[in-house]
Amino acid sequence: LLRDRLWKMTTQRGLHSGRVTSGKNDEIVVEFPPSIPLLFYNDFGFDMSMPQDREAIEELIIKEGVKLIVFDPLYLMIGAADENNAKEMRPILSWLLRIRNLYNCAVVVVHQWGKGGSDRKGRGAGGIKLRGSTTIYGWLEAALYLEAKVNESGIQIVVEREFRGRL
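Quantities reported herein were computed from a predicted structural model and do not represent experimental measurements.

Reading guide: rules and limits
Residues numbered from 1 in each chain as written. Predicted model: local features only at pLDDT ≥ 70, side-chain atom pairs only at ≥ 80, totals over all residues. Heavy atoms only, no water. Helix = DSSP H or I, 4+ residues; strand = E, 2+ residues; numbered from the N terminus. Buried < 20%, exposed > 50% of the residue type's maximum accessible area, 1.4 Å probe, protein only. Areas by Shrake-Rupley, 256 points an atom, 1.4 Å probe, with all protein chains shown as cover. Salt bridge = Lys/Arg side-chain N within 4 Å of Asp/Glu carboxyl O. Polar contact = N/O pair within 3.5 Å; in protein donor to acceptor, adjacent residues only side chain to side chain. Lys, Arg positive; Asp, Glu negative; His and termini not counted. Contact = heavy atoms within 4.5 Å. Core = buried A, V, L, I, M, F, W, Y, C linked by side-chain atoms within 4.5 Å. Phe/Tyr/Trp six-rings, centres within 6.5 Å; stacked < 30°, edge-to-face > 60°.

K.L.:
How should I be thinking about the overall build of the protein chain in this particular structure?
P.N.:
Counting its secondary structure elements, the protein chain contains four helices and six strands. Reading the protein chain from its N terminus to its C terminus gives the helix and strand order α-β-β-α-β-α-β-α-β-β. Counting every position in the protein chain, which comprises 167 residues, the buried fraction comes to 26%. Accessible surface, the protein chain as shown: approximately 12200 Å² in total, 55% of it carbon and sulfur.

Listed below in structure tokens is the structure:
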């Protein structure tokens, strides 16, 4: 499903269409489309708290030359770890930071807000509404927070962003 959606989006943007033009002396010039290397890996039961699962992901990063890895959704990949417990989340978040630094690849983690997250007025940035330990919020470097709000014209998707500078 994801591959199909991405193919449609990239095709619509002209990323798959090559170009044929005429050159000098009746020669034909062919420009091939750029390569879009995508890898989708769905390992049902993947558990970030298990060393063998982490090693398998690291082997995949090395083998495929991964530059962006998306973990979606976080709560299904932390095994028996309690997302409300900083002590249990810290090793998982440390590993994610490790693969970012060791393999020079971007790490994207999809996580959800807690129940009633949009009702927590006056509590700061969108990240404070994240479900689980504040350790998760403290760990992030940049974030996009999406929220569906119903209004008289239908549903509006509100995007809040947060970027933290690293020294």
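Moving on from the model shown.
K.L.:
Hey, could you run me through the pattern of salt bridges in this one?
P.N.:
Proximity of charged atoms lets side chains of opposite charge pair with each other. Summed over all chains, the structure comprises four salt bridges. We note a salt bridge from E83 to R131, for which the minimum N-O separation is 2.3 Å. Of the two residues, E83 is situated in the loop between β3 (68-71) and α3 (86-103) and R131 in the loop between β4 (106-109) and α4 (134-139); the sequence distance between them amounts to 48 residues. On the accessibility criterion, E83 (6% relative accessible area) is buried. Between E141 and R100 there is a salt bridge, and its shortest N-O distance comes to 2.5 Å.

K.L.:
How should I be thinking about the side chain of E162 in this particular structure?
P.N.:
Of note, E162 is situated in strand β6 (residues 154-163). By relative accessible area, which is 12% here, E162 ends up buried. Looking at E162, its side chain comes within polar contact range of the side chain of Y145, at 2.6 Å.

K.L.:
What is the right way to read the side chain of D53 from this model?
P.N.:
Checked against the element boundaries, D53 lands in helix α2 (residues 51-64). The buried charged residue D53 lacks any salt bridge, with R54 as its nearest oppositely charged partner at 8.7 Å. Setting aside residues up to four positions removed in sequence, D53 forms contacts with G45, F46 and D47.

K.L.:
What is the right way to read the nonpolar core from this model?
P.N.:
Where a protein is soluble and globular, its nonpolar side chains tend to be buried together. M48, I61, I69, F71, W95, L96 and I99 are the most contacted members of the largest nonpolar core, which has 27 residues in total. Of all the elements in the fold, those that place two or more residues in this core are α2, β3, α3, α4 and β5 (142-151). Counting residues per element, this core draws most heavily on α3, at seven residues. Other than its neighbours up to four places away in sequence, F71 contacts F46, M48, I57, M77, W95, L96, I99, V107, V108, V109 and V110.

K.L.:
Would you explain the packing of aromatic side chains in this entry?
P.N.:
Working definition: an aromatic ring pair is given by the centre-to-centre distance plus the angle between the planes. Here the structure, examined in full by the defined rule, presents two aromatic pairs. Aromatic side chains F46 and F71 sit 6.1 Å apart centroid to centroid with 10 degrees between the ring planes, which places their arrangement in the stacked category. With F46 in the loop between β2 (28-31) and α2 and F71 in strand β3, this pair connects stretches of sequence that are 25 residues apart. Each member of the pair, F46 as well as F71, is classed as buried. Joined through ring pairs, the aromatic side chains of F46, F71 and W95 make up one cluster.

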